[in-house]
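What follows is each chain in one-letter form.
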Amino acid sequence: VLNAMEEPSDNRQKKVVAVVGGGLVGALNACFFAKRGLDVEVFESREDIRQAKVVKGRSINLALSHRGRQALKHVGMEEKIVSQGIPMHARMIHSLNGKQSPIPYGKKSQYILSVDRANLNKQLLTEAETYPNAKLNFDHKLQDWSAEKGLMTFVRSDGTKEHIQADLIVGCDGAFSAIRKQFLRRSRFNYSQTYIPHGYMELTMPPINGEFAMKPNYLHIWPRNTFMMIALPNLDKTFTCTLFMPFDEFEKITTGDQVIEFFQKCFPDSIPLIGADALREDYFRLPAQAMVSVKCSPYHIGDKCVLMGDAAHAVVPFYGQGMNAGFEDCIVFDEIMEQFNEDLAAVLAEYSRVRVPDDHAIADLAMYNYVEMRAHVNSKWFLFRKHVDNI
Ligand code: FAD
């Protein structure tokens, strides 16, 4: 669809869209653009994860909720993804003495879903490929681009470069977006980035006798005020446990015995479920990962480029809405395309106008829930209120 050129050329007639980043939001966005009938190409720096032996990346599973589902529905993917998710009707609070108390998310019929990140990404890429007007390019890392010309330079793993031109560039290249770098050089672009003092580490809780080690239809939480552990179920009957803790605390633990001592003190009921030997080893497998919150505005440059997903708004994961908000970006953009008859100058300006305040609100809520999940859910008042409200 797009021309790979040795020399840039401006002789293009047909409007084409380049989506930079084939992660969750980029892959879904490609479906949206293709469904509209536009020529779309995705440029992803990694190799094709559907063929890769090891898929590097962030959390193993994620919580999919209403706003994400709405966007999936729009491209006919909702049922497929929901059928491979595990409903979580409530939080399950683990107290220090091992007592478990559920706090429902809403009414009885309401739930969020635990879905496998890699599988979701693969399915969205495969769906994008079903459109004849969509093409996926892997091993294409964006190195540089020009907002004036809409010209991008990609570098391949063998060192070769490709110059690609598009009418619209959609930056879906994540929290450390290379597309966003150009925005930073421009006047009247607002930008802030905050690393929280906590890091996260993932640990696996295996099945016991072929069954889930804990009740599966819950998002399990061990809130310990200044830190916490959570666990989400997977289809293979494992749980992925994520320990969120200040980096200083992670660094204090340097031996297997110290890991067990720490878990004994803070999450004793989880030790037999994860397994003491596995804990001793898995804790040191990978260093704790950082979490960043990024806010910026506007999300667009003229009629040429727009940011979506984490590239526009990386949020801390405590509200479970990063991907969901990114998915919602796609549906909002699509609605505005309809409203403004695909007049890109008008669409992009309107998109920034309506979307920036909403995404900033999600970022603030996520930061608030950072305290809510590890501390407030612990308080007797919170448990009492939830009981009284019957939610
Ligand atoms: P990404 O998933 O980061 O994808 C960006 C893509 O761009 C990648 O494939 C990358 O390889 C590619 N790329 C990067 N640079 C370039 C380049 N220069 N050229 C070409 N390609 C490039 N969200 C939820 O909704 N629910 C949850 O429960 C949840 N849990 C989370 C738990 C943790 C621990 C973390 C860290 C995040 C969680 N999130 C959750 C947030 C969610 O992971 C992100 O919001 C989501 O991944 C954003 O998708 P994205 O496509 O915008 O970015």
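This report concerns the structure included in the present document.

The rules behind these values
Residues numbered from 1 in each chain as written. Predicted model: local features only at pLDDT ≥ 70, side-chain atom pairs only at ≥ 80, totals over all residues. Heavy atoms only, no water. Core = buried A, V, L, I, M, F, W, Y, C linked by side-chain atoms within 4.5 Å. Buried < 20%, exposed > 50% of the residue type's maximum accessible area, 1.4 Å probe, protein only. Helix = DSSP H or I, 4+ residues; strand = E, 2+ residues; numbered from the N terminus. Contact = heavy atoms within 4.5 Å. Phe/Tyr/Trp six-rings, centres within 6.5 Å; stacked < 30°, edge-to-face > 60°. Salt bridge = Lys/Arg side-chain N within 4 Å of Asp/Glu carboxyl O.

**Quick notes on the nonpolar core**
Of all hydrophobic cores here, the largest spans 73 residues; its most connected members are F33, W145, M152, F327 and F333. When residues of this core are assigned to their parent elements, the largest contribution, 9 residues, is made by helix 1 (residues 24–35). Beyond its immediate sequence surroundings of up to four residues, F327 is in contact with L24, V25, L28, G68, A71, L72, L120 and L124.

**A look at the packing of aromatic side chains**
Per the stated rule, a full pass over the model turns up 18 aromatic pairs. A centroid spacing of 6.2 Å and a plane angle of 45 degrees characterise the contact between Y200 and F244, whose relative ring orientation is tilted. With Y200 in strand 14 (residues 190–205) and F244 in strand 17 (residues 239–246), the pair connects residues that are 44 residues apart, well separated along the chain. Relative accessible area serves as the criterion here: at 6%, F244 is assigned to the buried category. Cluster of aromatic residues (ring-pair linked, three or more members): F33, Y299, F333 and Y351.

**Here's the deal with the pattern of salt bridges**
The tally for this structure, following the rule as stated, stands at 21 salt bridges. Between R69 and E78 there is a salt bridge; the shortest N-O distance is 2.9 Å. The residues R69 and E78 share a single accessibility class, namely buried. Here R186 makes a salt bridge to E148, at a shortest N to O gap of 3.5 Å. Taken as a pair, R186 in the loop between helix 5 (178–184) and strand 14 and E148 in the loop between strand 10 (141–146) and strand 11 (151–155) lie far apart in primary sequence, 38 residues in all.

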